[in-house]
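Observations on the model geometry
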Amino acid sequence: MTQNFPSVSVKPYNGAPTIHIEQRPVFPLFLMSGAKAIEGFKKHGGCDIHLITECFSLGWVGIGKHDFAEFDAKMRAILRADPKAYIMPRLFLDAPGDWLDAYPDDRVAFADPAAYQEPNQWAGAKHPSWASRRWRADASDALRLLLRHAKESDYTGRIIGWHVGSGIYGEWHVWSGVHYPDTSPVFVEAYREWLGAKYPGEKREPRLPSVEDRRKASLGMFRDPAEWRWLLDHAEFFHQHGASALAEFAQIVREESGGRSIVLAFNGYLPDLGVDGHEIDHRAFETTLRDPNVHCFSAPHTYRRRLPGDDAMIRGYLGSVRAMGKLWIDEADDRTSLSDPSPWTHVKTMEESVEVLWRAFSHALTQNCGVWFMDMAGMGDHPSWYDHRSIIEALNQMQRIADHSMTKPRTRPTQLAVVASFKNAFYCTDRSSGLDGITDTLISGQLAEFYKLGAPFDLYLLPELFEPTVPRYDAYAFLDTFHMNDADYARVKKLRDAGKTLLFFYAPGIVSDTHLSLNRMRDLLGMEVEAVEAMTMPDGKRQHPGLLVRGAAAGVVRKNNVIWSPASPLAAGEMRSFFRPAGVHIYLDTDDVLMVGGGYVAVHASGSGSKTLRGRRPTTWINARTGKTLANGAAEVTLHLERGQTVLLEVGDHA
């Protein structure tokens, strides 16, 4: 008998988007684990997190063949282990083996022959092209059949949404994206049609860039759009066709659920993988973010800095996501000390394990987003990473704090916006050219310094910065905004002329939609910038071109309210000297990881010693983990923390 899924939506509550189940707002705290592990947690008193996500079979087992027995068995096993569970299945839309063998022209193909060598850590080469109409149609049929089957099952009322995945690990990274996809016949044909729609009557033939093409430019690493339009078109289509595939599947979920189930997708990651090209990234996120059928986005937090004492920053542009009324859910896949030895295991003791889990929860709580704790081993037959009383007690305490947080204003007292660009990559060479020594550092190394700034910040992509839902800030920092269209360029100049403190890195606005111009950058900065062949970055990499101000000493240059750094990273302490006079409140002067928002202040200690937190006004400071009041009506509180320790304080709403 066909039933209804629960009515689930993402909408604002107390100032921030959150999940609503049957109109009830719920803090998006999830556990990603298997039935066997969840059952095992009962010996520790049981886990109080009842939002569950897990990997499920799509049931597409062959050409025209579908079998949902595995899906049914897993759903029922989880509900036996936790009858209170609400479940969001994660689905993988890859094609079965016989389909891939039958339709070789529909498989993704690569400009780099290394893609076909095995083993391949980027998921291998034998997968469907996202441009394949045949794959989209057959995968769509499989998805529809699964949802219709689920509607007729005894567990229908426990499914709140669907995590739709394709590409590497289901993360919408195109298959073997480091090997320059896609050269398949179906991609070429889809590209031809796209060009015909963009340039009606011109009959442009698709031109696929070679590896060498990707390493060429006009000025250092920069491409002049007037010269490189064909390659810019290719880059735009390449990313848009992935976004359009996701959009098709999201629409199917909404149709088959009668608009009752939410859709989540991995998307919008910070491009911090350190690979050569842009193809593996989600650089059509501007389109996906505006898709009314996709409600939640996720990524694992950064893999670069996960040691105790590191920031483990969330890899999403959360300001942009909030501005569009969507929800971010962090994937906290940190291994605990119970895991097998691995390069990805960054803790040695149970105490360290618990503290990094608190770090992830504190990020989510203060950013008004969600988190799922990913017990990767617990989803299989291996011993769970979380099978310890200390971990279960911590997770249960987090659930209690999360529930309490929903009674408070869920706002962020941020005075600083940090801004980046996805589209800039189209106007820059591949990193393998040796001409680009800065873009990776701007996204990874520079953001690490912002997390040690001692002040909270909101991270945006440039297209969302001027949305009507976005507040105005006292100060702005522009990371890799080399490309600005004319409208955004004019808006940034208005911020400058209004007296806002603006920090720019390297080459802001040097490229428009139509041309490459140093004069455009000079006008934005109000500085006489000159280009030289190359300069050396602080990490020793060479950057082409080098940029400097005529007659000025090397380093940061300031003119009135505009600050320009030709290199990166710029240290947190130096940035404090810029932003404090701009009116940005500095909570913490030590270089520790600070998290503020929703009536909470958290510190993850990057070093051992005393840490003095200064509120914006006198307030009550309560240790949320112990319930102890540390100070009442105090403007500041001093704590002694050991490296890797996480303290979470509940404070007044605007402290």
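Everything here concerns the structure above.
Basis of the calculations
- Residues numbered from 1 in each chain as written.
- Predicted model: local features only at pLDDT ≥ 70, side-chain atom pairs only at ≥ 80, totals over all residues.
- Heavy atoms only, no water.
- 1 Å grid on protein atoms, 1.4 Å probe; cavity = no way out; pocket = protein on both sides within 12 Å on 5 of 7 lines; lining within 4 Å.
- Points joined across faces, edges and corners; volume = space filled by probe spheres on them.
- Helix = DSSP H or I, 4+ residues; strand = E, 2+ residues; numbered from the N terminus.
- Core = buried A, V, L, I, M, F, W, Y, C linked by side-chain atoms within 4.5 Å.
- Buried < 20%, exposed > 50% of the residue type's maximum accessible area, 1.4 Å probe, protein only.
- Phe/Tyr/Trp six-rings, centres within 6.5 Å; stacked < 30°, edge-to-face > 60°.
- Lys NZ or Arg CZ within 6 Å of the ring centre and 35° of its normal.
- Pairing = 2+ DSSP bridges.
- Axes fitted to C-alpha atoms, helices over the stretch in contact; angles between N-to-C directions.
- Contact = heavy atoms within 4.5 Å.
- Polar contact = N/O pair within 3.5 Å; in protein donor to acceptor, adjacent residues only side chain to side chain.
- Salt bridge = Lys/Arg side-chain N within 4 Å of Asp/Glu carboxyl O.
- Nonpolar A, V, L, I, M, F, W, Y, C, P; charged D, E, K, R; others polar.

Considerations on the layout of surface pockets
Of the voids in this model, the largest pocket is the one considered here, and its volume is about 740 Å³. Lining the largest pocket are 26 residues, and of these Tyr169, Glu171, Tyr303, Asp333 and Trp344 sit closest to its centre. As a volume, the second largest pocket reaches approximately 370 Å³. Lining the second largest pocket are 19 residues, and of these Arg283, Glu286, Phe422, Lys423 and Pro463 sit closest to its centre. Every element with two or more residues in the lining of the second largest pocket is listed here: α6 (225–256) and α7 (285–289).

Quick notes on the nonpolar core
Judged by nonpolar contacts, the single largest core of 197 residues is most densely connected at Phe361, Phe373 and Phe450. Among the elements that take part in this core, α6 stands out by supplying 10 residues, more than any other. If you look at the next biggest cluster of nonpolar residues, it comprises 18 residues, including Val596, Trp621, Val647 and Leu649.

Describing the packing of aromatic side chains
Scanning the entire structure with this criterion turns up 32 aromatic pairs. Centre to centre, the rings of Tyr317 and Phe422 are 5.3 Å apart; their planes meet at 80°, and the pair counts as edge-to-face. With Tyr317 in the loop between β11 (296–300) and α8 (318–323) and Phe422 in the loop between β14 (416–420) and α11 (439–443), the pair connects residues that are 105 residues apart, well separated along the chain. Residue classification places Tyr317 among the buried residues on the basis of a relative accessible area of 1%. Ring plane angle 70° and centroid distance 5.2 Å describe the contact between Tyr451 and Phe457, whose orientation is recorded as edge-to-face. Among the aromatic side chains, those forming a connected cluster through ring pairs are Phe5, Phe56, Phe71, Tyr155 and Trp162. Across the ring face of Tyr199, the terminal group of Arg204 is positioned such that the distance to the ring centre comes to 3.6 Å. One residue, Lys408, lies across the ring of Tyr600, its end atom 5.6 Å from the ring centre.

Section: the sheet that holds strand β26 (residues 609–623)
Spatial strand order, β24-β25-β28-β26-β27: 5 strands in an open sheet with antiparallel pairing. In this open sheet, the two edge strands, each paired with only one partner strand, are β24 (593–597) and β27 (629–641). The average angle at which neighbouring strand axes cross in this sheet is 15°, direction not considered. Bridge count for β26 against strand β28 (residues 646–650) is 2 bridges, and the pairing is antiparallel. The partner of Asn623 across the bridge, within β28, is Leu649.

Some words on helix α14 (residues 518–525)
With respect to burial, α14 is a largely interior element, 6 of its 8 residues being buried. Contacts from the buried residues of α14 go to α13 (486–497), β17 (501–505), β18 (529–532), β21 (546–549) and β23 (562–565). The residue sitting at the N-terminus of α14 and contributing the capping side-chain oxygen is Ser517; that oxygen lies 3.2 Å from the backbone nitrogen of Asn519.

Concerning the pattern of salt bridges
Tallying each qualifying case throughout the model produces 48 salt bridges. Between Arg192 and Glu205 there is a salt bridge whose closest N-O contact spans 2.9 Å. Note that Arg192 is positioned in helix α5 (residues 185–198) and Glu205 in the loop between α5 and α6, a separation of 13 residues in sequence. By relative accessible area, which is 29% here, Arg192 ends up partly exposed. Accessibility expressed as a relative area gives 54% for Glu205, which makes it exposed. Arg522 is the salt-bridge partner of Glu530, the closest N and O atoms lying 3.7 Å from each other. Where salt bridges share partners, they join Arg144, Arg148, Lys151, Glu255 and Glu256 into one cluster.

Overview of the sheet that holds β11
Spatially, β4-β5-β8-β9-β10-β11-β12-β13 is the arrangement adopted by the 8 strands of the closed barrel, whose pairing is parallel. Taken pair by pair, the neighbouring strands of this sheet meet at an average axis angle of 25°, ignoring direction. Across the sheet, α6 lies against β9 (161–165) and β10 (262–266), angled at about 155° from β10, the strand it touches most.

Examining the pairing of strand β13 (residues 370–374)
In terms of residue burial, β13 counts as a mostly covered element, since 5 of its 5 residues are buried. Burial along β13 is two-sided: Gly370, Trp372 and Met374 facing one way and Val371 and Phe373 facing the other are all buried. When strand β4 (residues 29–32) meets β13, the two strands line up parallel, connected through 4 bridges. Considered in β13, the bridge of Leu29 is made with Val371.

Thoughts on empty space enclosed by the protein
Using the criterion set out here, one finds 10 cavities of 30 Å³ or more in the structure. Estimates place the volume of the largest cavity at around 300 Å³. As for the largest cavity, its lining consists of 27 residues, and the residues nearest its centre are Asp276, Gly277, His278, Ala425 and Thr429. Considering each element in turn, the lining of the largest cavity owes the most residues, 3 residues, to α6. Within the lining of the largest cavity, the residues separate by chemical class into 10 nonpolar, 7 polar and 10 charged. Roughly 130 Å³ of volume is contained in the second largest cavity.

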